[in-house]
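Geometric and topological summary
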There are 2 protein chains.
Amino acid sequence: MATMKDISKKANVSLSTVSAVINQSAYVSPELTKRVTDAIKELNYRPNAVARSLKKKSTETIGVIVTDILNPFYPPMIKGIEDVAFDHNFNVILCNTSNEHNRISTYLELMLEKQVDGLLLANIATSADLNEIEKTGLKYVLINRKPPFYDKNFVGINNTLSSELAVNHLVRQGYKRIAFFGGDLKINTARERRSGFISCMMEHGLDVDPKLVFEGEYSLDSGYNNVKKMLMEVEQLPEAICTVSDVVAFGVIKGLRDAGIRVPDDIAVMGNDNSAFSEHFLVPLSSVDHSSYEMGKLSMELLLQVIKEKEAMADRQIILTPSLVVRESCGVNRNT
Amino acid sequence: MATMKDISKKANVSLSTVSAVINQSAYVSPELTKRVTDAIKELNYRPNAVARSLKKKSTETIGVIVTDILNPFYPPMIKGIEDVAFDHNFNVILCNTSNEHNRISTYLELMLEKQVDGLLLANIATSADLNEIEKTGLKYVLINRKPPFYDKNFVGINNTLSSELAVNHLVRQGYKRIAFFGGDLKINTARERRSGFISCMMEHGLDVDPKLVFEGEYSLDSGYNNVKKMLMEVEQLPEAICTVSDVVAFGVIKGLRDAGIRVPDDIAVMGNDNSAFSEHFLVPLSSVDHSSYEMGKLSMELLLQVIKEKEAMADRQIILTPSLVVRESCGVNRNT
DNA sequence: ATGAAAGCGCTAACAG
DNA sequence: CTGTTAGCGCTTTCAT
């Protein structure tokens, strides 16, 4: 690879002149400029970003840490991140922990060593994890989940509202006895969606049967297993099931099907997330869209601001508004 | 951030001693070693990978270029890549062209500047693209698709066989009049799958009606539109449809459904890819698994070898064997 | 076995 | 306006 030195020789100018034309950081006479650009072309010169980074202490690279790229929630988010990174000539180092929690420390160290300019982390839910992140001293923004009392840079979604949208739809469809298939209550999104469900039910003057409120995980298996459990333990089945996320809804529908229960004819099922595939699922899933592409985009834009700002800027929490997506899994309005 | 210099001062040893203990590149007396490691801990020192890279001319970073991370084909592949990268302390810079073909040049330049140790590129199908890649002088391996006459490092799948598996299954189910919904014939995978289909049909002594062989793209819309076309143009519908990929099959099934044609009762549909959601699709899709996770893994392993080898090593083409996955979309055996 | 010093390719004072 | 020079943080001969 040609270096700046090669260019300076070829063009018969000094190093700083070469640097000046490359970075347009100072006026250079048209003549010298041409000599330099010609030499660059001739030698097919490309600046060495590693050397530049060493000097400038900035790599124009950020790290993105996600738990499982196989989860359909992530690809749109990553695309959003990558799109704005690309527009700003930043690169994205992808770190996929594959749900192995201990990988995160290793990634954090690697990112530190590689001198990334910042970090984007999806689904950090515990103070312990947050601590590790803080210890790196890197700039960062959290996405989607957040640890207790977290009040720094964040972009997420109004989870309470997402449940309300779901319940309202179900109620409008005429369902009254509604179950909730939730997630891990250690995670704020699961807590908020659950409480949004309960309060909205009360708002409608509807009972929530404690036997019909399940905890679980954000996984298909969790939905499937909780259906089994419900079928065993509950004598009077619900008319509708409100789930904490689409993947859970997928599991629920599978479980119901396996038990010979039709969706939506016998029981309606509502998702939450609107993941890529819900539209094409066994039974097209009504859901609540969280626009994870937008989340990715906004989080990267926020991070970029944080990075550019020399002085620490005020932290910001961006909360997106979810929107209802009606498909087939909750049937047709019963009232009409 | 603490630097090696800080450590050397604190531990009262020379820079080279510090370097030696960090890299275990030379014997250092236990005593000095301890002084150094203590200092490292005390100052919470992390080596600066940028500086190291500048010196060593290697970044332990590779670039991965894909066309669209939203395509369910990619996440498993990327996961495979990332998993082996992680095991070797490599990082992955993700480049998502979002199907904007011109983005690829920009990414290539960025990767060059960032001095990545190598490149993994999925779905490079033209000689023009290949040329651009070659011009960078970077080490690379191609995944899945390949340009005409390409005989360098590659990991892909036996596309001919994938069609044969599909046809054999369909024939075994008793179908005789079988359509083929293909892809863009400029792409080798589409060509190979198509010719695999035709030759396997002939092998079985079955006619292939030219009106029942469609070109298209690897997209849902393509499948959908070709169904419409078929419905308009063909008087006698096929008993089964063999598709070039799952997304096409998705479109086909949607199109058939919209026309009131049931799958598999009226027409059977076979996928090819076995993408993540096929199992949960409207009608669970029978398909041919390409194990894209494995492809990702193997390609990264191959690239790592290429990078480690000082002398150019012989190029290698790894062709994986697909396997049949039977679900519901091709119905139950008609012969029994 | 340890240390001194040169240099990776670039940027940014500073001088002229 | 252009050139000289001193590093950025690290590795690696080469002496000692």
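See the structure above.
Residues numbered from 1 in each chain as written. Chains lettered and ligands numbered in written order. Predicted model: local features only at pLDDT ≥ 70, side-chain atom pairs only at ≥ 80, totals over all residues. Heavy atoms only, no water.

1. Remarks on the protein's contact with DNA strand C
Lining the immediate surroundings of DNA strand C are 23 residues, of which Met4, Tyr45 and Arg52 of chain A together with Thr17 and Ser29 of chain B lie closest. For DNA strand C, the backbone portion of the atoms within 4 Å of the protein, that is sugar and phosphate, comes to 73%. The separation between a phosphate oxygen of DNA strand C and a polar side-chain atom of Tyr45 of chain A is 2.4 Å. The separation between a phosphate oxygen of DNA strand C and a polar main-chain atom of Ser29 of chain B is 2.7 Å. Among the secondary structure elements, those contributing two or more residues to the surface near DNA strand C are α2 (15-23) and α4 (49-56) of chain A together with α2 (15-23) and α4 (49-56) of chain B. With four residues, α4 of chain A is the largest single contributor of residues to the surface near DNA strand C. (Near = heavy atom within 4 Å. Polar contact = N/O pair within 3.5 Å; in protein donor to acceptor, adjacent residues only side chain to side chain. Helix = DSSP H or I, 4+ residues; strand = E, 2+ residues; numbered from the N terminus.)

2. What about the nonpolar core?
Side chains that are nonpolar tend, in soluble globular proteins, to be buried together. Grouped together as the largest cluster of nonpolar side chains are 59 residues, with contacts concentrated most on Ile62 of chain A together with Ile62 of chain B. Look past the residues within four positions of Ile62 of chain A in its chain and what remains in contact with it is Ile81, Phe90, Asn91, Val92, Ile93, Val116, Gly118, Leu120, Met300, Leu303 and Ile307 of chain A. (Core = buried A, V, L, I, M, F, W, Y, C linked by side-chain atoms within 4.5 Å. Buried < 20%, exposed > 50% of the residue type's maximum accessible area, 1.4 Å probe, protein only. Contact = heavy atoms within 4.5 Å.)

3. Regarding the interface of chain B and chain A
Each partner contributes to the interface: chain B provides 48 residues, whereas chain A provides 48 residues. For the pair chain B and chain A, the summed buried area comes to about 4700 Å², and 62% of that belongs to carbon and sulfur atoms. Per-residue buried area on chain B facing chain A is highest for Arg46, Phe86 and His280 of chain B; these three make up 14% of the total on that side. Summed over the shared surface of chain B and chain A, the number is eight salt bridges. Between Asp83 of chain B and Arg103 of chain A there is a salt bridge, with the nearest N and O atoms lying 2.8 Å from each other. (Buried area = accessible area lost by both parts, 1.4 Å probe. Salt bridge = Lys/Arg side-chain N within 4 Å of Asp/Glu carboxyl O.)

4. Details of the packing of aromatic side chains
Working definition: an aromatic ring pair is given by the centre-to-centre distance plus the angle between the planes. Inspection of every chain in the model, using the stated rule, returns 13 aromatic pairs over all chains. Their ring planes at 50° and their centres at 4.9 Å tell us that Phe86 of chain A and Tyr107 of chain B sit as a pair that is tilted. Taken together, the residues span two chains, with Phe86 of chain A in helix α5 (residues 74-87) and Tyr107 of chain B in helix α6 (residues 103-113). Judged by relative accessible area, Phe86 of chain A falls into the buried class, the value being 17%. Judged by relative accessible area, which is 1%, Tyr107 of chain B ranks as buried. Aromatic side chains Phe180 of chain B and Phe197 of chain B sit 4.8 Å apart centroid to centroid with 25° between the ring planes, which places their arrangement in the stacked category. Taken together, the residues Phe180 of chain B in strand β6 (residues 178-181) and Phe197 of chain B in helix α9 (residues 188-203) connect sequence positions 17 residues apart. (Phe/Tyr/Trp six-rings, centres within 6.5 Å; stacked < 30°, edge-to-face > 60°.)

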